[in-house]
Amino acid sequence: AANLYQIAVEAIDKDEGEEDRWDALANMAAAKQELGEFLGPYGARRSYERAIVLLEGMVGEYNTYMDQMLNEADSAKREYDDEGFHETQMQINSINAYLSKLYYG
């Protein structure tokens, strides 16, 4: 499984138009960890780090969206999107839960 994930991640790395896939990185990292392959560009440690950075970036984008929704000067003029707000909160909570697993095992 680790080799298949590595093939997928290498293909993503080569294609500049392709977005990085945190899920492929995290799965490859877990598989590499089981094999004891921790070092190198596709080792468990580097793959976990890359997945964490991508997820932290996503949380930052969601937080920015929520801040803009609540705090921008024209936010009073716009209709409050309760459903969008709660969906965004749930996304942040889900990502943070996954991040805690990546950080702490």
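Right above here is the structure, for reference.
Residues numbered from 1 in each chain as written. Predicted model: local features only at pLDDT ≥ 70, side-chain atom pairs only at ≥ 80, totals over all residues. Heavy atoms only, no water.

**So, the packing of aromatic side chains**
For step 1, the next point in the chain: Across all of its chains, the model carries two aromatic pairs by this definition.
For step 2, the next point in the chain: Ring centres of Trp 22 and Tyr 98 lie 5.0 Å apart, and the angle between their planes is 65°; on these two criteria the pair is classed as edge-to-face. Taken together, the residues Trp 22 in helix 2 (residues 22–35) and Tyr 98 in helix 4 (residues 82–104) connect sequence positions 76 residues apart.
For step 3, the next point in the chain: Classification of Trp 22 by relative accessible area gives partly exposed; the value is 26%.
For step 4, the next point in the chain: Owing to a relative accessible area of 29%, Tyr 98 belongs among the partly exposed residues under this scheme.
For step 5, the next point in the chain: Aromatic pair Tyr 103 and Tyr 104: ring centres 6.1 Å apart, planes at 45°, arrangement tilted.
For step 6, the next point in the chain: Looking at Tyr 103, the relative accessible area reads 43%, which means it is partly exposed.
For step 7, the next point in the chain: In this structure Tyr 104 comes out as exposed when scored by relative accessible area, which is 72%. (Phe/Tyr/Trp six-rings, centres within 6.5 Å; stacked < 30°, edge-to-face > 60°. Helix = DSSP H or I, 4+ residues; strand = E, 2+ residues; numbered from the N terminus. Buried < 20%, exposed > 50% of the residue type's maximum accessible area, 1.4 Å probe, protein only.)

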